[in-house]
Amino acid sequence: MLLFFLALGNLLLTFIILGVLRLGQGMESLELVPEKSLIMFYGNTDLDRIYKRDGKLEGFSECPVEMIGDNGSVYINLVDKEGRLTEPRININLSITTVTGVHSFDVRDPLTGQSVFSTGFPNFGLPRGVKKLDIRMAQTQRITSPVNASLFLRSDTYTRLRGTEGTRMEGREIVWSADQDIYLKSVNGSVILSGHEGISVDIKSIPIALGDGGNPASVQYKVCVCMPEGKLFRVPVPSGGNNMHVGCHNVNLSSQTNPCM
(Lines give C-alpha, C1' and ligand atoms only; values in the text may rest on other atoms or scores of the structure.)
Protein backbone atom coordinates (compact mmCIF):
# COMPACT_ATOMS: atom_id res chain seq x y z
CA MET A 1 0.00 0.00 0.00
CA LEU A 2 2.88 2.37 0.81
CA LEU A 3 4.47 1.74 -2.58
CA PHE A 4 1.15 2.53 -4.23
CA PHE A 5 0.95 5.93 -2.54
CA LEU A 6 4.60 6.65 -3.41
CA ALA A 7 3.97 5.80 -7.05
CA LEU A 8 0.82 7.93 -7.05
CA GLY A 9 2.74 10.83 -5.49
CA ASN A 10 5.52 10.55 -8.07
CA LEU A 11 2.95 10.49 -10.87
CA LEU A 12 1.24 13.58 -9.47
CA LEU A 13 4.59 15.35 -9.10
CA THR A 14 5.46 14.46 -12.70
CA PHE A 15 2.22 15.97 -13.97
CA ILE A 16 2.87 19.12 -11.94
CA ILE A 17 6.36 19.46 -13.45
CA LEU A 18 4.96 18.90 -16.94
CA GLY A 19 2.32 21.56 -16.32
CA VAL A 20 4.78 24.11 -14.95
CA LEU A 21 7.30 23.55 -17.74
CA ARG A 22 4.50 23.34 -20.33
CA LEU A 23 6.11 20.22 -21.80
CA GLY A 24 4.12 18.90 -24.71
CA GLN A 25 2.10 22.08 -25.22
CA GLY A 26 4.62 24.89 -24.69
CA MET A 27 7.94 23.38 -25.74
CA GLU A 28 9.20 20.52 -27.85
CA SER A 29 12.12 19.43 -25.67
CA LEU A 30 14.85 20.74 -23.39
CA GLU A 31 18.27 19.65 -22.21
CA LEU A 32 20.01 20.48 -18.93
CA VAL A 33 23.78 21.02 -18.99
CA PRO A 34 24.82 21.37 -15.31
CA GLU A 35 28.56 21.74 -15.96
CA LYS A 36 27.88 24.79 -18.15
CA SER A 37 24.87 26.04 -16.16
CA LEU A 38 22.82 25.93 -19.35
CA ILE A 39 19.27 25.02 -20.27
CA MET A 40 18.89 24.34 -23.99
CA PHE A 41 15.47 24.53 -25.62
CA TYR A 42 14.90 22.82 -28.96
CA GLY A 43 12.35 23.97 -31.51
CA ASN A 44 9.61 26.44 -30.64
CA THR A 45 9.01 27.23 -26.97
CA ASP A 46 5.92 28.91 -25.51
CA LEU A 47 6.52 29.73 -21.85
CA ASP A 48 4.29 32.78 -21.40
CA ARG A 49 6.71 34.25 -18.83
CA ILE A 50 10.46 33.66 -18.45
CA TYR A 51 12.52 34.66 -15.40
CA LYS A 52 16.29 34.53 -16.00
CA ARG A 53 18.59 35.28 -13.07
CA ASP A 54 21.53 36.57 -15.15
CA GLY A 55 19.28 38.11 -17.82
CA LYS A 56 20.99 36.32 -20.75
CA LEU A 57 19.01 34.67 -23.54
CA GLU A 58 21.40 33.25 -26.13
CA GLY A 59 21.16 31.07 -29.20
CA PHE A 60 23.52 29.03 -31.34
CA SER A 61 25.45 30.69 -34.17
CA GLU A 62 23.50 28.77 -36.81
CA CYS A 63 20.16 29.16 -35.01
CA PRO A 64 19.55 32.60 -33.48
CA VAL A 65 16.94 33.32 -30.82
CA GLU A 66 13.65 34.75 -32.06
CA MET A 67 11.12 36.24 -29.65
CA ILE A 68 7.64 36.43 -31.18
CA GLY A 69 4.37 37.62 -29.70
CA ASP A 70 1.33 35.81 -31.10
CA ASN A 71 -0.57 38.88 -32.35
CA GLY A 72 0.51 40.65 -29.17
CA SER A 73 3.39 42.43 -27.50
CA VAL A 74 6.69 41.23 -26.04
CA TYR A 75 7.85 42.77 -22.75
CA ILE A 76 11.37 42.44 -21.37
CA ASN A 77 11.49 43.77 -17.81
CA LEU A 78 14.00 43.75 -14.99
CA VAL A 79 12.78 42.72 -11.54
CA ASP A 80 14.49 42.96 -8.18
CA LYS A 81 14.95 40.20 -5.61
CA GLU A 82 11.44 40.77 -4.28
CA GLY A 83 9.87 40.39 -7.72
CA ARG A 84 9.03 44.07 -8.20
CA LEU A 85 9.44 45.69 -11.60
CA THR A 86 12.25 48.22 -11.94
CA GLU A 87 12.77 50.98 -14.51
CA PRO A 88 14.85 49.24 -17.27
CA ARG A 89 12.50 47.66 -19.80
CA ILE A 90 12.04 46.90 -23.49
CA ASN A 91 8.53 46.88 -24.96
CA ILE A 92 8.01 45.47 -28.46
CA ASN A 93 4.52 46.24 -29.77
CA LEU A 94 2.92 45.79 -33.17
CA SER A 95 3.80 49.32 -34.30
CA ILE A 96 6.56 50.59 -31.98
CA THR A 97 9.57 49.42 -29.98
CA THR A 98 10.60 51.38 -26.88
CA VAL A 99 13.72 51.05 -24.74
CA THR A 100 13.54 52.96 -21.45
CA GLY A 101 15.62 53.21 -18.31
CA VAL A 102 18.79 51.61 -19.72
CA HIS A 103 22.33 52.98 -19.75
CA SER A 104 23.04 51.72 -23.27
CA PHE A 105 21.38 49.55 -25.90
CA ASP A 106 23.43 47.65 -28.50
CA VAL A 107 22.46 45.75 -31.64
CA ARG A 108 25.29 43.53 -32.88
CA ASP A 109 25.91 41.52 -36.02
CA PRO A 110 25.53 37.83 -35.07
CA LEU A 111 28.30 36.78 -37.46
CA THR A 112 31.01 39.37 -36.83
CA GLY A 113 29.97 40.59 -33.39
CA GLN A 114 30.39 44.19 -34.50
CA SER A 115 27.95 46.77 -33.21
CA VAL A 116 25.35 47.86 -35.78
CA PHE A 117 23.57 50.34 -33.52
CA SER A 118 24.40 51.58 -30.05
CA THR A 119 22.98 54.35 -27.91
CA GLY A 120 26.40 54.67 -26.29
CA PHE A 121 27.93 56.16 -29.45
CA PRO A 122 28.26 59.96 -29.45
CA ASN A 123 27.38 59.89 -33.16
CA PHE A 124 25.01 57.44 -34.82
CA GLY A 125 25.80 56.87 -38.49
CA LEU A 126 23.51 55.02 -40.83
CA PRO A 127 24.78 51.54 -41.75
CA ARG A 128 26.55 51.25 -45.08
CA GLY A 129 24.08 51.18 -47.96
CA VAL A 130 21.28 52.89 -45.99
CA LYS A 131 20.56 56.36 -47.38
CA LYS A 132 17.16 57.03 -45.85
CA LEU A 133 15.88 56.88 -42.26
CA ASP A 134 12.07 56.91 -41.93
CA ILE A 135 11.01 57.77 -38.38
CA ARG A 136 8.06 59.43 -36.70
CA MET A 137 9.91 61.14 -33.85
CA ALA A 138 13.58 61.42 -32.88
CA GLN A 139 15.15 62.92 -29.77
CA THR A 140 18.80 63.77 -30.30
CA GLN A 141 21.28 66.52 -29.61
CA ARG A 142 22.64 66.82 -33.13
CA ILE A 143 21.84 65.83 -36.73
CA THR A 144 24.63 66.19 -39.29
CA SER A 145 25.60 65.02 -42.76
CA PRO A 146 29.04 64.62 -44.38
CA VAL A 147 30.75 67.74 -45.70
CA ASN A 148 30.32 66.67 -49.32
CA ALA A 149 26.66 65.59 -48.96
CA SER A 150 23.38 67.37 -48.31
CA LEU A 151 21.00 66.71 -45.44
CA PHE A 152 17.30 66.47 -46.31
CA LEU A 153 14.47 66.52 -43.76
CA ARG A 154 11.15 65.75 -45.43
CA SER A 155 7.65 64.96 -44.25
CA ASP A 156 4.33 64.21 -45.94
CA THR A 157 2.45 66.24 -43.31
CA TYR A 158 4.68 68.54 -41.24
CA THR A 159 8.15 68.72 -39.72
CA ARG A 160 8.72 70.19 -36.28
CA LEU A 161 12.17 71.01 -34.90
CA ARG A 162 12.18 71.87 -31.23
CA GLY A 163 15.00 72.43 -28.76
CA THR A 164 14.75 72.77 -24.99
CA GLU A 165 17.43 75.46 -24.98
CA GLY A 166 17.09 76.59 -28.57
CA THR A 167 17.75 75.22 -32.04
CA ARG A 168 20.79 76.09 -34.14
CA MET A 169 21.11 75.28 -37.84
CA GLU A 170 24.33 75.72 -39.80
CA GLY A 171 25.19 74.92 -43.40
CA ARG A 172 26.63 76.26 -46.63
CA GLU A 173 23.06 76.71 -47.83
CA ILE A 174 19.83 76.20 -45.87
CA VAL A 175 16.58 76.00 -47.83
CA TRP A 176 13.14 75.84 -46.20
CA SER A 177 10.10 75.08 -48.31
CA ALA A 178 6.53 74.17 -47.42
CA ASP A 179 3.19 73.87 -49.17
CA GLN A 180 1.55 76.08 -46.56
CA ASP A 181 3.27 77.97 -43.72
CA ILE A 182 6.70 78.02 -42.06
CA TYR A 183 6.71 79.03 -38.38
CA LEU A 184 9.76 80.35 -36.52
CA LYS A 185 9.10 80.79 -32.81
CA SER A 186 11.22 81.54 -29.77
CA VAL A 187 9.71 81.39 -26.27
CA ASN A 188 12.36 83.19 -24.21
CA GLY A 189 14.91 84.38 -26.76
CA SER A 190 15.16 85.69 -30.29
CA VAL A 191 14.96 84.34 -33.82
CA ILE A 192 18.18 85.20 -35.67
CA LEU A 193 18.67 84.64 -39.41
CA SER A 194 22.24 85.27 -40.52
CA GLY A 195 23.96 84.43 -43.80
CA HIS A 196 27.45 85.16 -45.12
CA GLU A 197 26.03 86.13 -48.52
CA GLY A 198 22.70 87.40 -47.23
CA ILE A 199 19.24 85.89 -46.81
CA SER A 200 16.78 85.49 -49.66
CA VAL A 201 13.03 85.02 -49.29
CA ASP A 202 10.73 83.86 -52.07
CA ILE A 203 8.06 86.55 -51.93
CA LYS A 204 5.73 84.96 -54.46
CA SER A 205 3.76 83.28 -51.68
CA ILE A 206 3.78 86.29 -49.31
CA PRO A 207 0.44 88.17 -49.49
CA ILE A 208 0.31 91.78 -50.68
CA ALA A 209 -1.34 94.46 -48.54
CA LEU A 210 -2.36 97.55 -50.50
CA GLY A 211 -1.38 100.87 -49.01
CA ASP A 212 -2.10 104.47 -49.90
CA GLY A 213 -1.28 104.86 -53.57
CA GLY A 214 0.43 101.47 -53.77
CA ASN A 215 0.44 99.51 -56.99
CA PRO A 216 0.17 95.72 -56.61
CA ALA A 217 2.26 95.35 -59.78
CA SER A 218 5.19 97.26 -58.30
CA VAL A 219 8.69 95.85 -58.64
CA GLN A 220 9.70 96.88 -55.11
CA TYR A 221 8.12 95.89 -51.81
CA LYS A 222 8.62 96.38 -48.12
CA VAL A 223 8.32 93.24 -46.00
CA CYS A 224 6.25 93.66 -42.83
CA VAL A 225 5.44 91.40 -39.89
CA CYS A 226 2.08 90.95 -38.17
CA MET A 227 2.34 91.05 -34.40
CA PRO A 228 2.00 88.92 -32.39
CA GLU A 229 1.12 86.33 -35.07
CA GLY A 230 4.48 86.75 -36.82
CA LYS A 231 2.97 86.40 -40.29
CA LEU A 232 4.79 88.15 -43.15
CA PHE A 233 3.18 90.38 -45.75
CA ARG A 234 4.51 92.88 -48.26
CA VAL A 235 3.60 96.44 -49.11
CA PRO A 236 4.18 97.71 -52.68
CA VAL A 237 6.46 100.72 -53.05
CA PRO A 238 5.63 103.27 -55.78
CA SER A 239 8.09 103.22 -58.65
CA GLY A 240 8.39 107.02 -58.73
CA GLY A 241 8.16 109.88 -56.28
CA ASN A 242 8.87 110.00 -52.59
CA ASN A 243 8.49 106.57 -50.98
CA MET A 244 9.80 107.54 -47.56
CA HIS A 245 6.26 107.55 -46.15
CA VAL A 246 5.41 104.06 -47.40
CA GLY A 247 5.45 101.79 -44.38
CA CYS A 248 3.74 98.87 -42.71
CA HIS A 249 1.40 101.12 -40.76
CA ASN A 250 -0.38 102.77 -43.69
CA VAL A 251 -2.04 99.71 -45.23
CA ASN A 252 -5.68 98.89 -45.68
CA LEU A 253 -6.61 96.79 -42.62
CA SER A 254 -10.24 96.20 -43.52
CA SER A 255 -11.64 92.73 -42.89
CA GLN A 256 -11.49 91.84 -46.58
CA THR A 257 -7.86 92.86 -47.18
CA ASN A 258 -6.29 92.51 -43.72
CA PRO A 259 -3.09 90.45 -44.27
CA CYS A 260 -2.91 89.42 -40.62
CA MET A 261 -6.25 87.61 -40.61
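Keep in mind it's a predicted model, so treat the numbers as computed, not measured.

Caption draft 1: Broad picture of the overall build of the protein. Across its full length, the protein holds one helix and nine strands. Secondary structure elements of the protein, listed N to C terminal, follow the sequence α-β-β-β-β-β-β-β-β-β. The 261 residues of the protein split such that 9% are buried. The contacts of the protein with a sequence gap of at least 6 include a subset with a gap of at least 24, amounting to 20%. Taken as a whole, the protein presents about 24,200 Å² of accessible surface, with 53% of it coming from carbon and sulfur.

Caption draft 2: Region of the structure containing the sheet that holds strand E3 (residues 74-79). Judged by pairing direction, the sheet is antiparallel, and its three strands sit side by side in the order E3-E4-E5 without closing on themselves. Each having just a single partner strand, E3 and strand E5 (97-100) make up the two edges of the open sheet. Going across the sheet, the axis of each strand differs from the next one's by a mean of 20°, ignoring polarity. By the bridge criterion, five bridges tie E3 to strand E4 (residues 85-92) in an arrangement that is antiparallel. Following the sheet pairing, Val74 is matched in E4 by Ile92.

Caption draft 3: Region of the structure containing the pattern of salt bridges. Counted under the stated rule, the structure contains one salt bridge. For Glu170, the salt bridge goes to Arg168, with nearest N and O atoms at 2.6 Å.

Caption draft 4: Structural context of the side chain of Asn91. Take Asn91: it is sitting in strand E4. Not counting the four nearest positions on each side in its chain, Asn91 is found in contact with Val74, Tyr75, Asn77, Ile96, Thr97 and Thr98.

Caption draft 5: Structural context of the packing of aromatic side chains. Counting across every chain of the model gives zero aromatic pairs. The ring of Phe152 has Arg154 lying over it, and the distance from NZ or CZ to the ring centre is 4.9 Å.

Caption draft 6: Geometry of the side chain of Arg234. On the secondary structure map, Arg234 appears in strand E9 (residues 232-237). Other than its neighbours up to four places away in sequence, Arg234 contacts Ile203, Lys204, Ile206, Pro207, Ile208, Ala209, Tyr221, Lys222 and Val223.

Caption draft 7: Here's a closer look at the nonpolar core. The biggest cluster of nonpolar side chains holds six residues, and these are Ala209, Cys224, Cys226, Phe233, Val235 and Val251. Filtering out sequence-adjacent residues up to four positions away, Cys226 remains in contact with Lys231, Phe233, Pro259 and Cys260.

Caption draft 8: View of the confidence of the model for the protein. Here the protein averages 75 in pLDDT, while 82% of its residues score no lower than 70. When pLDDT is averaged over each helix and strand of the protein, the minimum, 70, is found for strand E1 (residues 27-33) and the maximum, 82, for E3.

Caption draft 9: Inspection of the pairing of E9 at higher detail. Taking burial as the measure, the six residues of E9 include five buried ones, the bulk of the element. Here six bridges tie strand E8 (residues 220-225) to E9, and the two strands are oriented antiparallel to one another. Residue pairing in the sheet places Val223 in a bridge with Arg234 of E9. Counted along the chain from E8 to the antiparallel partner E9, the turn is six residues long, and its residue Gly230 has a positive phi close to 85°.

Rules of the game
- Residues numbered from 1 in each chain as written.
- Predicted model: local features only at pLDDT ≥ 70, side-chain atom pairs only at ≥ 80, totals over all residues.
- Heavy atoms only, no water.
- Helix = DSSP H or I, 4+ residues; strand = E, 2+ residues; numbered from the N terminus.
- Buried < 20%, exposed > 50% of the residue type's maximum accessible area, 1.4 Å probe, protein only.
- Contact = heavy atoms within 4.5 Å.
- Areas by Shrake-Rupley, 256 points an atom, 1.4 Å probe, with all protein chains shown as cover.
- Pairing = 2+ DSSP bridges.
- Axes fitted to C-alpha atoms, helices over the stretch in contact; angles between N-to-C directions.
- Salt bridge = Lys/Arg side-chain N within 4 Å of Asp/Glu carboxyl O.
- Phe/Tyr/Trp six-rings, centres within 6.5 Å; stacked < 30°, edge-to-face > 60°.
- Lys NZ or Arg CZ within 6 Å of the ring centre and 35° of its normal.
- Core = buried A, V, L, I, M, F, W, Y, C linked by side-chain atoms within 4.5 Å.
- pLDDT = per-residue confidence, 0-100.

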